[in-house]
Amino acid sequence: MVIGDIPGYGKGSKPPPHRAEEPIRLYSMRFCPFAHRVRLVLAYKQLLYEVVNIDLKDKPDWYLQVNPLGKVPLLEEDDNKRVFESTNCAEYLDDKFNDRNKLLPAAHPLQRAQQKMMVEVIHGKIAMPHMQLILKGADEQNREALAKALDEIEAMMVGPYLFGDSVTFVDLMVWPWFERIPAIEKFRQVSMTSEERHPQLTHWCKLMREEAAVQATSYPADLYVDFFRTRDFNTGLSKH
Ligand SMILES: N[C@@H](CCC(=O)N[C@@H](CS)C(=O)NCC(=O)O)C(=O)O
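Residues numbered from 1 in each chain as written. Predicted model: local features only at pLDDT ≥ 70, side-chain atom pairs only at ≥ 80, totals over all residues. Heavy atoms only, no water.

A. Region of the structure containing the overall build of the chain. Helix and strand counts for the chain come out as nine helices and four strands. Secondary structure of the chain in N-to-C order comes out as β-α-β-α-β-β-α-α-α-α-α-α-α. What you see for the chain is a C-alpha radius of gyration of 18 Å, in line with the 18 Å of a compact globule of 240 residues. With respect to the three principal axes, the spread of C-alpha positions in the chain is 50 × 45 × 30 Å. Within the chain, buried positions represent 49% of all 240 residues. A sequence separation of at least 24 residues applies to 72% of the contacts in the chain between residues at least 6 apart. Entry remark: accessible area of the chain is about 11900 Å², with carbon and sulfur atoms responsible for 52%. The average position of the 31 basic charges and that of the 34 acidic charges among the side chains of the chain differ by 4 Å. (Helix = DSSP H or I, 4+ residues; strand = E, 2+ residues; numbered from the N terminus. Rg over C-alpha atoms; globule rule 2.2 N^0.38 Å. Buried < 20%, exposed > 50% of the residue type's maximum accessible area, 1.4 Å probe, protein only. Contact = heavy atoms within 4.5 Å. Areas by Shrake-Rupley, 256 points an atom, 1.4 Å probe, with all protein chains shown as cover. Lys, Arg positive; Asp, Glu negative; His and termini not counted. Charge placed at Lys NZ, Arg CZ, Asp CG, Glu CD.)

Here it is in structure tokens:
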């Protein structure tokens, strides 16, 4: 697969016709961590799907009819069923294809709720406040703040995986940000994590990299670095 060369549909384009052989379509942007969540679930469930990348800087008018918010990810099935919001897409796929690699326990409403809360806490603690700041320009204070947030996440871990002894919804929903840490370290030439300080998270990252779904959806650090170089961190926009 040539990841670096898939074009995004921009203004003036026409919506591509559905392909019968891939009944699920994912509207995406190659480097979007929220879309990455959905790619992980699709791969974990071993589902066939088609990707339509949208040029978020120059969105086609037709995409605003697909998603009134104009955001990716969005799932669309051949019968025009549409689902957006990444965690909603993940839960939808998990429930619809509930005979394959279940992520959220069907019979445990409290555990389902706990997993969803854990995703929000982890994402809220690392992604927005600290990783974004370090991407804009790392300083020692930002790095220590991220390390402290990782201390708290490590303290929340229940097993070798984030919510127990096997992959769950939580692992797949937060992995996109952890996959980007080595790339951010390379881009800003900083060290954000260490095995000494976060042994359990380091071990979890190793386990996650062994997962087939992670391998099928992961990009090399250099590809992220190339993307970061094109990005305007004040507006959040990039050429992709
Ligand atoms: N809460 C949304 C966030 C999705 C999101 O922010 N996607 C970004 C790309 S990474 C986007 O579509 N940005 C374009 C825009 O906001 O117009 C989700 O979880 O799906």
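Once you've had a look at it, read on.
B. Spotlight on the state of the cysteines. Within the structure shown, the criterion is met by zero disulfides. Not part of a disulfide, C205 finds its nearest cysteine sulfur in C32, a span of 20 Å. Overall, C205 belongs to the buried group, its relative accessible area being 12%. (Disulfide = S-S within 2.5 Å.)

C. Examining the packing of aromatic side chains more closely. Summed over all chains, the structure comprises 14 aromatic pairs. Measuring from ring centre to ring centre gives 5.6 Å for W175 and W204, while their planes differ by 75°; the resulting arrangement is edge-to-face. Residue W175 is found in helix 6 (residues 169-188), and its partner W204 is found in helix 7 (residues 199-210); the two are separated by 29 residues along the sequence. In this structure, W175 and W204 share a single accessibility class: buried. Summarising the aromatic geometry, the rings of F178 and W204 are spaced 4.9 Å apart at their centres and angled 85° between planes, so their arrangement reads as edge-to-face. Placement of the pair is F178 in helix 6 and W204 in helix 7, with a sequence separation of 26 residues. This pair shows no difference in class: F178 is buried, exactly as W204 is. (Phe/Tyr/Trp six-rings, centres within 6.5 Å; stacked < 30°, edge-to-face > 60°.)

D. View of the UniProt feature "domain: GST C-terminal" (unreviewed entry) in the chain. In the UniProt entry, the feature "domain: GST C-terminal" (unreviewed entry) is given for residues 108-227. Taken as a whole, residues 108-227 contains 76% helix and 0% strand, while its terminal C-alpha atoms sit 40 Å from one another. (UniProt positions renumbered as here; feature names shortened; annotations may be inferred.)

E. Up close: the site of the ligand. C32, F34, L56, K59, K71, V72, P73, E85 and S86 make up every residue found near the ligand. Contact between the ligand and K71: an oxygen atom at 3.2 Å from a side-chain N or O atom of the residue. E85 places a side-chain nitrogen or oxygen 2.9 Å from a nitrogen atom of the ligand. The protein chains hide 73% of the 520 Å² of surface that the ligand would expose on its own. Class assignment of the residues belonging to the shell around the ligand gives a composition of five nonpolar, one polar and three charged. (Near = heavy atom within 4 Å. Polar contact = N/O pair within 3.5 Å; in protein donor to acceptor, adjacent residues only side chain to side chain. Nonpolar A, V, L, I, M, F, W, Y, C, P; charged D, E, K, R; others polar.)

F. Examining the pairing of strand 1 (residues 24-28) more closely. Judged by how many residues are buried, strand 1 sits mostly within the fold: five of five residues are covered. Of the two faces of strand 1, both are covered, the one formed by I24, L26 and S28 as well as the one formed by R25 and Y27. Inspection of the sheet shows strand 1 paired to strand 2 (residues 49-53) by five bridges, in the parallel sense. Bridging across to strand 2, L26 finds its partner in V51. What joins strand 1 to strand 2 is helix 1 (residues 33-44), and the crossover it makes is right-handed. Summarising the sheet, strand 1 and strand 3 (residues 74-77) pair through four bridges and their orientation is antiparallel. Across the sheet, L26 pairs through a bridge with L75, a residue of strand 3. (Pairing = 2+ DSSP bridges. Right-handed = clockwise from strand over helix to strand, strands pointing away.)

G. Focus on the nonpolar core. The biggest cluster of nonpolar side chains holds 73 residues, and the ones touching the most others in it are I126, F178 and W204. When residues are assigned to domains, this core turns out to be shared by domain 1 (24-102) and domain 2 (109-209), each giving three or more. For I126, the contacting residues outside a window of four places in its chain are M131, L146, A149, L150, I153, W177 and F178. (Core = buried A, V, L, I, M, F, W, Y, C linked by side-chain atoms within 4.5 Å. Domains from an automatic or database assignment.)

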